[in-house]
Amino acid sequence: MSNIKDSIFKMRFLDETAEKRTPVHDLHPLAKLLVTIAYLITVVSYGKYEISKILPLVFYPVVILFLAEIPPLPMLKRTLLAMPLVVGIGVFNPVFDREIITVLFGLPVSGGWTSFLSLLLKCGLTVLSVLLLVATTGMEKISFALRMLFVPRIFVLQLLLTYRFTSVLLEEAASIWNAYILRSPFARGISCKAWGPLLGQMLMRTFDRAQRVYQAMVLRGFNGEYNTGSARQLLLKDFLYFASWAAFFAIARYYNIPLFIGSIMTGVGK
Amino acid sequence: MSHHVIDFNELYYVYPDGKQAVNGVSFRIHHGESVGIVGANGAGKSTLLMLLVGILLPTKGEIRVGEIPVAKKTLPVIRQRIGLAFQNPDDQLFMTTVYDDVAFGPRNYQLSEPEVEKRVMKTLDTVGIGHLKDRAPYKLSGGEKRAAAIAAVLSMDPDILVIDEPTAALDPKSRRRLINLLKGFTHTKIIATHDLDLVLEICDRTIVIKEGRIVSDDSPVKILADAGLMEQCGLETPLTIQNCPVCGSPAHRRTQ
């Protein structure tokens, strides 16, 4: 059951990383949220065959990983979690779209494979950028920024409580698993006969626990508004951070940077 | 000081499954009193506390905190006056750092951020965990979690402190630290517990509950030394007043 324990650890990994003090963590949450939104829009706006144009956007997560001192491996592992879904969506592209659109190192590459790879790349970059936002800002501050953008209170609350409820659910699942496995030493997993009662138990226990957490919140004055403290004022550095990344994304979107660099290098070579 | 008086008037509570948890309870708690509510498991102690803070509303009867009845409309005022620390601190600590958790209440009451910070730091220092403010609550030890949960309640500046099983799952040193901490508070205290030695040390009044009814209400020494009463209510006399298990000498002689 290290899987569930791992998942709890992983969820907390993001919370813990968000508590670091680095130049990226110190930026205003709104600036980071807007940059992430701009990044997401830019990444998904590329056409399905435009792999080379997307490549410069890898620069953004790499820079953030470096500046925010976030270990890259755990982040990449979490990014991979979303991949099976995209593989499921794009796996038939190579089958249906067989038209050769380019030749790479002498190998003909079909449109299907190109669009499949572009889908994987887009998914990887978007998931990674959102994880980086959570790991450099924290869910509470992201919610604060969302409220600044006038996202309705109910949605923000839903987001925050779902995030908190997930860890409650995982903790209950871990303790049920421990109780089961300690009394079934030869079992290699949970017998399907026990799935029903265990899932029911888990749901009821999670509801109870969530209820108690909610009561604790209500007793301390919670009335539907998740007050996470007021963030500091927006400073020049926040504007500069947003403006420079937005400019970079715009350039990457409208100019083919790899082609440009390639042509410069070829020009120098001549 | 009548505004700190708590009145339980002919209180009844029946759970949706039909369990009669509180069965005609009446008593008054005065300002500054330390009251220990003791009883076996399922006697109705926790239900009583939940009724006091309005998590549950009585089936019959009423509770008044000063002039204010505990009712849906008055809950925000009642909950500002009464701080309840849960039996399991894990249920109470849900933010990512101890600081944010302790600040949760004051922020909900719309205090300015400098005022919130002042209150949080003062409270953390009071319970002696100022150095843990940036730690994640789930990484704390049992005693530290309990202290953080009490700090989270104290930061609301309540007049009345209500604690459910404060020493459950604490090691002896953490327990001792907590007892000393509670002794230092001048708030009205209501403590529901099985730890009868704690009641003997901290409380100046004990209420014994059995099957949702008050069986006895008197000074801790009188009640807790009554072996018959303790036996009848599924409890036993506190270790500090039992005879020595090795030589059999009475407790008062051992303490001399």
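What you are looking at is a predicted structure, and each value in this text was computed from that prediction instead of being measured. (Residues numbered from 1 in each chain as written. Chains lettered and ligands numbered in written order. Predicted model: local features only at pLDDT ≥ 70, side-chain atom pairs only at ≥ 80, totals over all residues.)

*Asks:* Break down the overall build of chain B for me, citing the residues and quoting the values.
*Replies:* Helix and strand content of chain B: eleven helices and ten strands. Taking 2.2 N^0.38 as the reference for a compact globule, 256 residues should give roughly 18 Å; the C-alpha atoms of chain B span a radius of gyration of 19 Å, in line with that estimate. Judged by the C-alpha coordinates and their principal axes, chain B covers about 55 × 45 × 40 Å. Going through the 256 residues of chain B one by one, you find that 46% of them count as buried. A separation threshold of at least 6 residues defines the contact pool for chain B, and within that pool the share at least 24 residues apart is 64%. (Helix = DSSP H or I, 4+ residues; strand = E, 2+ residues; numbered from the N terminus. Rg over C-alpha atoms; globule rule 2.2 N^0.38 Å. Buried ≥ 20, exposed ≤ 12 C-beta atoms within 10 Å, placed from the backbone. Contact = placed C-beta atoms within 7 Å.)

*Asks:* An account of the nonpolar core is requested, with residue identities and associated values reported.
*Replies:* Within the largest apolar cluster, 82 residues are counted, with the highest numbers of intra-cluster contacts made by I37, L52, V53, L84, A151, V153 and V162 of chain B. The biggest single contributor to this core is helix α6 (residues 142-154) of chain B, with eight residues. In terms of nonpolar packing, the next biggest core, distinct from the first, is built from 32 residues, A31, Y60, M75 and F249 of chain A among them. (Core = buried A, V, L, I, M, F, W, Y, C linked by C-beta atoms within 7 Å.)

*Asks:* Please give an account of the interface of chain B and chain A that cites residues and values.
*Replies:* Listed per partner, the contact involves 24 residues of chain B and 20 residues of chain A. Elements supplying a minimum of two residues to the side of chain B that touches chain A: α2 (75-81), α3 (89-92), α4 (98-108) and α5 (113-126) of chain B. A per-element tally of the side of chain B that touches chain A places α4 of chain B first, with five residues. When grouped by side-chain class, the residues that make up the side of chain B that touches chain A number 13 nonpolar, six polar and five charged. (Nonpolar A, V, L, I, M, F, W, Y, C, P; charged D, E, K, R; others polar.)

*Asks:* I'd like a rundown of the packing of helix α5 (residues 72-80) of chain A against helix α8 (residues 111-137) of chain A, residues and numbers included.
*Replies:* All names here are of chain A. Where α5 meets α8, the axes come as close as 9 Å, and the angle between the chain directions of the two elements is 130°. Here α5 lies oblique to α8, going by the angle between them. Between α5 and α8 lies a crossing of right-handed hand. Mapping the contact onto sequence places M75, R78 and T79 in α5 and G124, V127, L128, L131, L132 and A135 in α8. Tallied by class, the residues present in the contact of α5 with α8 amount to six nonpolar, two polar and one charged. (Axes fitted to C-alpha atoms, helices over the stretch in contact; angles between N-to-C directions. Parallel < 35°, antiparallel > 145°, perpendicular 65-115°, else oblique. Left-handed = near helix turned anticlockwise from the far one by under 90°.)

*Asks:* Before we move on, could you go through helix α7 (residues 172-184) of chain B and cite the residues and values that matter?
*Replies:* All names here are of chain B. If you check α7, its first and last C-alpha atoms are 19 Å apart, about what 13 residues at 1.5 Å a residue would give, namely 18 Å. Regarding α7, the residues found buried are R175, L178 and L182. All buried residues of α7 fall inside an arc of 65° around its axis, so they share one side. Within α7, the exposed residues directed more than 90 degrees away from the buried face are K173, N180, K183 and G184. (Expected span 1.5 Å × (residues − 1). Arc of directions from axis to C-beta.)

*Asks:* Now, about helix α12 (residues 236-254) of chain A: what can you tell me, with residues and values included?
*Replies:* Residue and element names in this part refer to chain A. If you check α12, its first and last C-alpha atoms are 27 Å apart, about what 19 residues at 1.5 Å a residue would give, namely 27 Å. Within the span of α12, buried status applies to D238, F242, W245, F248, F249 and A252. When α12 is viewed along its axis, its buried side chains cluster within an angular range of 135° and face the same direction. When the buried face of α12 is taken as reference, the exposed residues oriented beyond 90 degrees from it are L236, F239, L240, A243, S244, A247, A250, I251 and Y254.

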